[in-house]
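# Structural characterization, general
Given next are the chains, with one letter for each unit.
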Amino acid sequence: MNQTLRATFGPIIPSILLCAGLAFGGAVGCGAEGPSVDVELYGYDAAAGRFVSRLGDYVGAEQVRVTLSRPLSDESISSQTFPVGDGSASLPELQFGNDTRLEFTLLERSTDGELVPLASGATPLFDVQPDSEDRSYRLMLAAAEVFSPVGERYSDPQTSAQWDYRQVRFDDRGLSGGGFAGRTGHRTGVASGGRVLFVAGAPNVEQTLLDGTVPELNGVHDDVQFYDTTRGRMINLGYNPGADRPRRDGADRLAVGRAYHTVTKIGPQRFLVAGGLTLEDGDTVATGALEIVDLDRLAGERVRSLEDESGAIQSMEPARAFHTATYLPEPNVVVLAGGLKPNGTVVSAVEIIDLESGTITSAGDLEASRAQHRAVRTSSGEVWVLGGWAPASGALRETELLTVEDGALSVETDDPMKDERYGFGLTTVDFGPNDSIVACGGYTSFTTKDKIGTCELVVLGTGSQETWQMPQPVSGLDVFSLDGSNDLVTVGGRNADGEPVGATRFAFRGSSASSFFEPDGSAQMGTSRYGASSEQLTSGLIIVSGGVGESGSSEVTLDTLEYYNPVDIVPAAESGN
Amino acid sequence: MVDDSAPGARLLATWLAALLVASPVAFGPTTGWAQQQGDASEAGASEGAQTSEPSQASSEASQTPTLAVLPAQAVGSGIQELVPRRIGEMVRDRVSGDGRLDTLPSFAVMQREEATRVRSTTAINEARKKYTSGIGLIEAGEYQRAADTLQEAVDLLRANVADLQNFDVLADATAKLAWAYYEAGYDFDARSYIKEYAHLRPDASLDQDEFPPELKTIFEEEVNKVREAGTSTLTIEANQEGATVYVDGVEKGKTPATVDVRFGAHYLVVKGEKGRWTSQILVRGRDTRETYEATLSQPERVEVEEEPAYFTQLLSGIADGIFGAELGPELAEFVEQSGADDVAWMTMQQRDGEFRAIPFVYSADEDLYLRGDTVTFDLELSNLRLGVDELGKQIVEMTLNTPTDRAFQRVDLTQEPEADARAEADPKEEAPGQTDDQQIEEQAEEPSDTEEPAAESVQPPPPIEDDEKDGKAGKWILVGVGSAALTAGLVIGGVFLFGGNNPDGFQTEVSW
């Protein structure tokens, strides 16, 4: 009996396995598909004034356009549109590549029958290759050309199986000083993968003009938080959500709370926090403390003081605020330049932090002492310092070029800007020669505190090339260049009357036009604020956080965040791939 | 008015009774598992004021870490959902069986228990309201309505006695019910309930000024009867060893248990993983021996609502294969709701013709994410038992020791190289005589704690019958030939996979 069975099953089993193998391999092979990117959208419906889930009832929406682009190289790979009513779409065989972005534009029909952007959003930049596996994002579409509250996902665990959305706020759990998480004088950075970092700041400031006088602090935050744009979540590093308490021994928060410091990106998830103002015995003083934030490290180890190889804690000398800190990747150093001491002294000191050894060394001096200046890294790996002020020289238009070679610093004067500026906005631009920047607004006189209402294009080695008017003089603003259109956007600041300013878009007319840029619309913030921090995300949105705004008849720091959406999607053919 | 043995205790009892009535926070419907535990502690403390014995609630406290094990998640395509699900359940059983951790039941079971508890809590709260109303009606002289109301309260409390955290409510309501019946002219019922109260609280005394003297006399006579009759030795057995035995709300031991109980009517409750069993028993006393067989069963199934968003998002975040601190909010919510100290899960991927399983543990107290060694299974799951054992062992060790050298900030399983450090389970070390298919079949017969009927089952190759003489040789010949055939099939299939159908691009799914 058994023998018979074996004789029967003997040939059958290999056959079964052969078929199984063929079926498995064939099925998988025939069904071979590339990796998938799943995206779920939610949005803020500006017309309705509320967040909407999955856009089913987004007022006026007609179609969704999905575009694959590589914004760093201004490439639009493919684009397709779908009726909003479809609720979902599948796009097969999108082109592999690095620094890729998927853009989503909600389209409405204008009065003249054109489909125009109603809201948009995009993934962060990501790499996708044949061996990449699936990934997923949940993204907020922000209304076009206006400010929208930044959404946070939440659910009532007892009553809701669905997520809802509300405006995100800084996490006030576990703050060292307790109480409110609103802030100004905080600093931000953008980590890879769609994380936005927020570092410290002051919950209350007496003097907020930032016109060359030293702010008087009533408190400082020491927290480090980040907002995950792809999940819609604010994370306070120093708070343990699992145990529902602050981390032990002050872990994952700054050793020195501060405001008006610098945050410099030194890696995809690493940042250097340098200097700033802090409080000692109730007095506003400068700190020289240097701390590293590394989001890739374990919880409890993500914030640490800069130490050399012997474990000695490093600090700036002199301690100061309103300096610049510029990262040079090739020698892996950060160059600290200038700054303001609380006694009103403006310094010329230049220090170099060697991130390999963790040491800071005094490297020399600027040609001109300066504070509230700007600095950018050039294409050749130098540090270009522009503008600023000093008591003796007043507002500056001079620029300097700092070169670091074998740890040694050399300083040379470069061609100046057209106008003296400090507390101004600056961005690098892609058009024109290498190392071109645009500087906008700021104070132009240290004595009169006059503000300036122009922008200028400045080219390294050549000086100011072009000047154009802003709608009004503004100080304390940020400027961003849009990759696709080369348009500019100024965000935030205060006008000559001290009123908060929203966003202004400047359309690029071409470098052969009589005026390179012309104002092309403006937007007011949802909550008027100044002293906020702004960052441009790789998704194209600009995120504005904190600042000072009005509450009733008094001014308070804010704990809310807003997006400004300067729609900047490179047009692509409507015919799919 | 009920009078405990000491004036202080009476005053405390009065205050507690007032608190029961006045505090909607303390006794309103609870909304989460962790809150349930918190309420239990409160109730245990209040009972502790009147008895030195451990209560149902206080017995829930434990020093060992409480671990919640999430369902295992498949990462990436190419792996059947059933495989990680079944292996995950086996790993959970392995962890639970280790005994060094308090392993929570699956989310589905917790959710159902919670729904059941909420229903029970709702009933108990309703009973409390009726109890309070009954007292008011007695004081107002409306004894008939008081009797009706208190009867409803007692009935509700009896029906939910297994979930009753403060047993004094039932005892006190019994005494008040006797009083109401007496004043309403129902002498028989009054006698019956005051005797029951004497059985439950023989050390108490009735307030002279409030209780009718005749009732007090009956009570005292019954108390004397209880004292004279002494105790019986009760042996309580159940269809589950280790189930907890409670008599009148006080923990008495684990099944099989032997306890001495005084004469009279008492409430016997047995609670364990298999469910609960309750009975009102009549103890004869006089050193007799009595045996009770408790058949534990799950309470009537309560329909549960959809899984909450934080839980589904937690699982989908793990299934994405890219996770770490960003799971914090969902994990925090899960920890808060479940009361777990640690959360474990397992991912499974299919790569290079094998299943790769990785155990993870989240330590809520340290906010640390720990990753264990990869354990591989071949596609036939020939090393199933050893692999499951290894995964379970790693989870237990990581939970107990929180090894920081295994901590990570973020993992991206989708981008990891094919080869990494693995703790491979050697199939040759399998116990002799147990074939792979037997293992999976045996495991498949184990009741699933999710209690979800499997839509499909793992289909191992058909069992091979063999004679005793040359069975081993024949088996290995067959396996060898079969393996060669399988390999040939995979190679041919691989031609399709890697040769002719290499993807030309990635695909995007968008929903809005």
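Throughout, residues of each chain are indexed from 1 in the direction in which the sequence is written. Here every chain gets a letter starting at A, and every ligand a number starting at 1, in the order they are written. In view of the model being predicted, local features appear only for residues whose pLDDT reaches at least 70, and side-chain atom pairs are presented and counted only at 80 or more, with totals across whole chains, interfaces and linings using the full set of residues. The side-chain figures draw on all heavy atoms in the structure; neither hydrogens nor water molecules are used.

## A look at the overall build of chain B
Here a helix means four or more residues in a row that DSSP labels H or I, a strand means two or more in a row labelled E, and each is numbered from the N terminus. Along its length, chain B carries 14 helices and 20 strands. When a residue's accessible area, from a 1.4 Å probe over protein chains only, is under 20% of the maximum for its type it is buried; when over 50% it is exposed; and in between it is partly exposed. Residue burial in chain B is summarised as follows: out of 512 residues, 51% are buried. Residue contacts are defined here by distance: any two heavy atoms, one from each residue, within 4.5 Å place the two residues in contact. Residue pairs in contact within chain B that sit at least 24 positions apart in sequence constitute 67% of those at least 6 positions apart. For the accessible areas, the method is Shrake-Rupley and the probe is 1.4 Å, while residue cover comes only from the protein chains on display. Carbon and sulfur atoms make up 50% of the accessible area of chain B, which amounts to about 23,200 Å² in all.

## Some details on helix α6 (residues 143-159) of chain B
Helix span, as expected, comes to 1.5 Å for every residue beyond the first. Over its 17 residues, α6 of chain B extends 24 Å from the first C-alpha to the last, a length consistent with the 24 Å expected when each residue adds 1.5 Å. Of the residues making up α6 of chain B, those classed as buried are A146, A147, T149, L150, Q151, A153, V154 and L157 of chain B.

## Structural notes on a negative patch on the surface
All names here are of chain A. Patches here: salt-bridge-free residues with over 30% relative accessible area, like charges joined within 9 Å, nonpolar side chains (Val, Leu, Ile, Met, Phe, Trp, Tyr) joined within 5 Å. Definition used for salt bridges: Asp or Glu carboxyl oxygen within 4 Å of a side-chain nitrogen of Lys or Arg. Lys and Arg are tallied as positive, Asp and Glu as negative. Neither His nor the chain termini are counted. Charge positions come from single atoms, namely NZ of Lys, CZ of Arg, CG of Asp or CD of Glu. There is a patch of like negative charges on the surface, built from E206, E216, E280, D281 and D283. Relative to the helices and strands, E206 is located in the loop between β14 (195-201) and β15 (221-228). On the basis of relative accessible area, E206 is assigned to the exposed category, the value being 52%.

## Observations regarding the environment of A127 of chain B
Residue and element names in this part refer to chain B. If you trace the backbone, A127 turns up in helix α5 (residues 107-139). Overall, the relative accessible area of 0% leaves A127 in the buried class. Each C-alpha atom of the pair A127 and N160 lies 9.8 Å from the other, and the pair is 33 residues apart in sequence. If we skip the residues at most four places from it in the chain, A127 touches A153, L156 and L157.

## Description of the sheet that holds strand β35 (residues 425-429) of chain A
Residue and element names in this part refer to chain A. Reading across the sheet, the four strands line up as β35-β36-β37-β38 and stay open at both edges, with antiparallel pairing between neighbours. Pairing within the sheet leaves two strands with one partner each, and these edge strands are β35 and β38 (463-469). Taken over all neighbouring pairs, the strand axes of this sheet differ in orientation by 20° on average, direction set aside. Paired strands, in this sense, are two strands between which DSSP finds at least two bridges. In this structure, β35 lies alongside strand β36 (residues 436-440), joined through five bridges in antiparallel fashion. Axis definition: a line fitted to C-alpha atoms, limited for helices to the stretch in contact. Angles are taken between N-to-C directions and run from 0 to 180 degrees.

## Here's the deal with the packing of helix α7 (residues 168-184) of chain B against helix α8 (residues 187-200) of chain B
All names here are of chain B. Close contact between α7 and α8 brings their axes to 8 Å; oriented N to C, the two are set at 155°. Considering their axes alone, α7 and α8 lie roughly antiparallel with respect to each other. Considering only the axes of α7 and α8, their crossing is left-handed. Every residue of α8 that contacts α7 at A171, D172, T174, A175, L177, A178, Y181 and Y182 is listed here: D187, D189, A190, Y193, I194, E196, Y197 and L200. Charged residues are taken to be Asp, Glu, Lys and Arg, nonpolar residues to be Ala, Val, Leu, Ile, Met, Phe, Trp, Tyr, Cys and Pro, and polar residues to be all remaining types, Gly included. Among the residues forming the contact of α7 with α8, the class breakdown is eleven nonpolar, one polar and four charged. Our angle categories are set so that under 35 degrees counts as roughly parallel, over 145 as roughly antiparallel, 65 to 115 as roughly perpendicular, and the remainder as oblique. Should the near helix be turned anticlockwise from the far one by less than a right angle, the crossing is left-handed, and should it be turned clockwise, the crossing is right-handed.

## Observations concerning the nonpolar core
Put simply, a nonpolar core is a bunch of buried Ala, Val, Leu, Ile, Met, Phe, Trp, Tyr and Cys residues held in one set by side-chain atoms that sit within 4.5 Å of each other. Core analysis: the largest hydrophobic core is formed by 41 residues, its most contacted members being L157, L170 and I194 of chain B. Within the residue set of this core, elements represented by two or more residues are α5, α6, α7, α8, α9 (213-229) and β10 (264-272) of chain B. No other element matches the ten residues that α7 of chain B contributes to this core. In this view, L170 of chain B contacts V154, L157, R158, V161, L164 and Y267 of chain B; residues no more than four positions away in its chain are not counted. Among the nonpolar cores identified, the runner-up in size contains 30 residues, and V37, Y58 and F96 of chain A together with W512 of chain B belong to it.

## Topic: the confidence of the model for chain B
Residue and element names in this part refer to chain B. Confidence scores per residue from the predictor, reported as pLDDT, run from 0 to 100. The pLDDT averaged across chain B works out to 74; a share of 69% of its residues lies at or above 70. Note that residues 1-62 has pLDDT below 50 and, in this model, 102 contacts with residues that lie over four places away or in other chains. Quick note on the complex model: pTM equals 0.70, ipTM equals 0.74.

## Considering the side chain of S357 of chain A
Residues and elements named next belong to chain A. Inspection of the secondary structure assignment puts S357 in the loop between β27 (346-354) and β28 (359-365). By relative accessible area, which is 17% here, S357 ends up buried. Residues within four places of S357 in sequence aside, it is in contact with E307, D308 and E309.

## Observations regarding the state of the cysteines
All names here are of chain A. Note on disulfides: each one is a pair of cysteine sulfur atoms within 2.5 Å. Following the criterion strictly, the structure yields one disulfide over all chains and no others. A disulfide bridge connects C440 with C455, and the sulfur atoms are separated by 2.1 Å. Where C440 bonds to C455 through sulfur, the torsion about that S-S bond is close to 115°, and the disulfide is right-handed. With C440 in strand β36 and C455 in strand β37 (residues 454-459), this pair connects stretches of sequence that are 15 residues apart. For C440, a relative accessible area of 0% translates into the label buried.

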